[in-house]
Amino acid sequence: MKRAFAFGDKSIDAAVRRVNELRCIAVIGAGIMGQGIALDLLAKTDCRLILLDVSKEALVRASARLKDFWTSQVRERRIREEDARAMEARVIVTQDYAALRDAELVWEVATERSDVKTRIFENIEKTVDVEKLAAVFSNTSSHTTAELAELFKSAAFREKLLTVHGYFPFERNRLIDVMKGKYASTETFSFGVVFADQVLEKSVIAMPVDRHGYITDPIFQGMGAIVSWDVQSDRDIIQLGGLWELFTANPFQVLDQTGHMPYTESSRHFGQALPGHDRLRSLYQRDGKFYPDWIAALEKKGRIGAASPERKGFFAWTDGKPKAVLDPGRGEYVPITEISRKDFWSYYEAAEIDRSAGKVRSPEALAHVACASDAGGRAFRRYALPICLFALDLIQDGVATAGQINLSTRAGLRYKVGLIELIDTLLRDLTVDGFIELVRRARDENASDPHMAEMLDLDGVVGPRKGRPCLLLELRSRRIERLLGYGSYYRTPVAELDLAATRQQQRPTYRAFYPEFKFIEPGSRDRVATIVFNNPLRGNVFNRAVIDQLAHAWAGVLRLHRAGRCGAVLFTAAGSGMRMLGADAREFNRGWFERHKGYVPLPAEDAAASSRNAVRLFRTIQRSPVATIGVFGEKWGGGAEFTYFLDQRFDVRAAGFVFDSLDRRSEWRAKNTYNQPELDYAILPGFGAAGELKRLGLGDSAIFEIFDQGLSADRAYQVGLSNGVFDDELEALRRGFERARLMAKDAPYSRALFKKELTRHTAGAACTACAVVTADQAVAAADAELAAETAATFDPARNPFIRSGLLALLDRGGKPPPMDYACADTQLPGWQYPAENGTAGA
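Draft legend 1. The arrangement of the sheet that holds strand β8 (residues 203–207) in detail. Sheet architecture is open: eight strands sit in the order β3-β2-β1-β4-β5-β6-β7-β8, paired in mixed fashion. The open sheet has two free edges, formed respectively by β3 (91–94) and β8, since each of these has just one partner strand. On average, each strand axis in the sheet is inclined to that of its neighbour by 20°, with strand direction left out of account. The pairing of strand β6 (residues 161–166) with strand β7 (residues 175–179) spans four bridges and is classified as antiparallel. From the neighbouring strand, Thr163 faces β7, where its bridge partner is Met179.

Draft legend 2. The arrangement of the sheet that holds strand β24 (residues 724–726) in detail. Here six strands make up an open sheet; going across it, the order is β15-β16-β17-β18-β20-β24 and the pairing mixed. Every interior strand has two partners, whereas the edge strands, β15 (517–520) and β24, have only one. Ignoring which end each strand starts from, the neighbouring axes of this sheet average 15° apart. Pairing of β15 with strand β16 (residues 528–533), which is carried by four bridges, proceeds in the antiparallel orientation. The residue of β16 that forms the bridge with Phe517 is Phe533.

Draft legend 3. View of a nonpolar patch on the surface. Together, Phe588, Tyr681 and Ile683 make up an exposed nonpolar region whose accessible area comes to about 310 Å². Residue position: Tyr681 is located in the loop between β22 (665–675) and α25 (689–695). Residue classification places Tyr681 among the exposed positions, given a relative accessible area of 61%.

Draft legend 4. Structural context of the pairing of strand β2 (residues 48–52). For β2, the buried fraction is high: four of the five residues fall into the buried class. Of the strand pairs in this sheet, strand β1 (residues 24–28) and β2 are connected by five bridges, and their pairing is parallel. Note on β2: the bridge partner recorded for Cys24 is Arg48. You can see the chain leave β1, run along helix α2 (residues 32–44) and come back into β2, and the turn it takes is right-handed. Pairing of β2 with β3 involves four bridges; the strand directions are parallel. For Leu51, the partnering residue across the bridge sits in β3 and is Val93.

Draft legend 5. Summary view of helix α17 (residues 402–412). Along α17, 10 of the 11 residues are buried, which leaves the element largely enclosed by surrounding structure. All of the buried residues along α17 are Ala402, Gly403, Gln404, Ile405, Asn406, Leu407, Ser408, Thr409, Ala411 and Gly412. One or two steps after α17, the chain reaches Arg414, where phi turns positive at roughly 60°.

Draft legend 6. How the structure looks around the pattern of salt bridges. On inspection of all chains with the given rule, the structure shows 69 salt bridges. For the salt bridge of Glu516 with Arg174, the shortest nitrogen-to-oxygen distance reads 3.5 Å. Linking Glu516 in the loop between β14 (510–512) and β15 with Arg174 in the loop between β6 and β7, this pair joins segments that are 342 residues apart in sequence. The residues Glu516 and Arg174 share a single accessibility class, namely buried. For Arg511, the salt bridge goes to Glu496, with nearest N and O atoms at 2.8 Å.

Draft legend 7. Summary view of the packing of helix α14 (residues 345–357) against helix α15 (residues 363–371). At a minimum axis separation of 9 Å, α14 and α15 run at an interaxial angle of 155°. Classified by the angle between their axes, α14 and α15 sit roughly antiparallel to one another. The hand of the α14/α15 crossing is right-handed. Along the contact surface, α14 presents Ser346, Tyr347, Glu349, Ala350, Ile353 and Asp354, while α15 presents Ala365, His368 and Val369. Taken together, the residues of the contact of α14 with α15 break down into five nonpolar, two polar and two charged.

Draft legend 8. Examining the pairing of strand β5 (residues 135–138) more closely. Of the two faces of β5, the one carrying Ala135 and Phe137 and the one carrying Val136 and Ser138 are both buried. Note that strand β4 (residues 105–108) and β5 share four bridges and pair parallel. Residue Val106 lies in a different strand from β5, and its bridge partner there is Val136. What joins β4 to β5 is helix α5 (residues 114–127), and the crossover it makes is right-handed. Bridge count between β5 and β6: three bridges; the pairing is parallel. The residue of β6 that forms the bridge with Val136 is Leu161.

Rules used in this analysis
Residues numbered from 1 in each chain as written. Predicted model: local features only at pLDDT ≥ 70, side-chain atom pairs only at ≥ 80, totals over all residues. Heavy atoms only, no water. Pairing = 2+ DSSP bridges. Helix = DSSP H or I, 4+ residues; strand = E, 2+ residues; numbered from the N terminus. Axes fitted to C-alpha atoms, helices over the stretch in contact; angles between N-to-C directions. Patch = residues over 30% accessible without salt bridge, like charges linked within 9 Å, V, L, I, M, F, W, Y side chains within 5 Å. Areas by Shrake-Rupley, 256 points an atom, 1.4 Å probe, with all protein chains shown as cover. Salt bridge = Lys/Arg side-chain N within 4 Å of Asp/Glu carboxyl O. Buried < 20%, exposed > 50% of the residue type's maximum accessible area, 1.4 Å probe, protein only. Right-handed = clockwise from strand over helix to strand, strands pointing away. Parallel < 35°, antiparallel > 145°, perpendicular 65-115°, else oblique. Left-handed = near helix turned anticlockwise from the far one by under 90°. Contact = heavy atoms within 4.5 Å. Nonpolar A, V, L, I, M, F, W, Y, C, P; charged D, E, K, R; others polar.

Dropping the structure here:
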């Protein structure tokens, strides 16, 4: 939303203020990544942007891309022409470091070469006013923060340096790394995390400890490097590189799109600087070479990817697509052929397994390839297993957690199956012993290759991991069967193994880890938890993973409420406009949607489960004794339906181009914030919209209005659906959080009883409508029950909160003791807390 908010977290107050004060940002480096960062900053901030590069040609290309960005936004009716002119006026393109004088944030996005970075950092130190400076970011792919900080002479600059690294394409990739290192101050690190999280709207991997390449880059570099030493022909690039298409994409195609320079320079730096215990070290140092001769030959010829003058690299590119592939032996480009079905039959069987099960690149299909006896199985064991063991090393060494690695591979590398999910599937299907035997099988298959012997070492007897037996052996000794915890509905990841706690408590211990949203625990004074749906690139959809994570998070909220630590929850969404979509349309199709196949219907049970599971969860949230409020902008389908289950709704006005179907033109005006388009697509509002809107008191006419045309924020307020309307997102959050804080003061017994009464009256109205009882009978029964409940409310034995509540009312001049909100020994009306391993319910 272009600014940050602390959500009651006092530890980030200073960082939030500093982020919101930013007015001028500089990006050094106008290459592909620099352009992507500049585009993102233009779209997500109102700051002046300085784009600096020593190459005039690079600046010309970057300027053209920036202009294309805002002109295409106008053409596509996303922004107005005056918005584009304002955007253009914020940009300064220059070769002169003097332009950085007023920069408050400097982001270096240049080459990995140390000599070039040294010159850049010298110029930053000479030019930038360190007193105005919030931070210096480096987008390095291979250097540590400490290595770069030492390029500064001044301690004042060193303590403001972070490595902040995004992934290609930056403006469309949700992952970002923020690494502190030993020199950066805690304040700088907090600033970097808040900026990356709330302004750039990324999923942040925050790393206090230095690591060459963070988590994701060594995995991606390894995917290409481990295959590259075996490449002899065009078939190898397609078939061996094609192994990774089972996960995400052929790394040689990706490298052509990003340009080879980051890869070759990172390989050079890894070969020189990786620590001695890094399992993959030998990929970057063989016979004095950092990468194979055939890649060096491409580099020498300037064939470094799709953007090179010849548009050649590992592939020859035409109109943005690979049309031929390199045969390294002949140095020629030849037609791309299909992966051999005879030799790599397991690849095709994996696809068939997924097709039959209606899945997309499932871990079960990958496990099938891992155990196969064909060339595909041998490729998996030779290339993928060392990467899996490397991931286990990161966990064992305390560099990363299981959840961070899984998120990094899913979000940053766009794996369809997270790397840790794959490891867990192998642990489940083969057992730990079977997984160990699979690695030993791979070692035996590659016994003649000493590099493979080191990378596949389990026992800590050879190579970089000598003296450090693999984590698999510890998992076996501690009887740990999985590294992630999985949700109760769809078995998607919701938690990660806490290895330190497991070692201390001598039993497997897991902690929450939510890839699709942020859960911010309540402060001791405000007692407000916050849940931020955090995948704005996908519109914050309610997919199966979100349902699993929300159910797990709500169980945590209830534990906090029972302990007296949480009285209310604020729900909101990340991203400009705080937009919230509904169910993921991709999950309406059985398997991956392919245009040439058309719609493949979901089985009836799967379709029913998508409604049943969501409504059960939303109903639990609605009836629980915890107060809830939603602060959102545009809401569509299930995203709107979810808010109907909350106690209150605050809306942010939305504006944009709206198509007038009568005049057949688009005009800029207020947009609807409540949208239910299901009937247009031949489906129903499966998350309960019709019933909930009736419960909220809307008449049929207003309900039809929502479904037939939608409601603006002001119209929703007019009909009683919205409790507050705001122009400014930050102000809406401030007011929403304050409303939640005040609601959290409600005594738990009273709020639970009040919610029970509301439910009873809704049910009573339904009974009357169905003529089960007469209206007079329903009223009399409700009045009698109310009298009994009022009596119970004044009974301290049943309502232990009555003493402190009435003291606050009666003794206004005194200082009554604060209310103890803990409910561990209290039976709340109409509510029963779930068992620790159960599901909450009314």
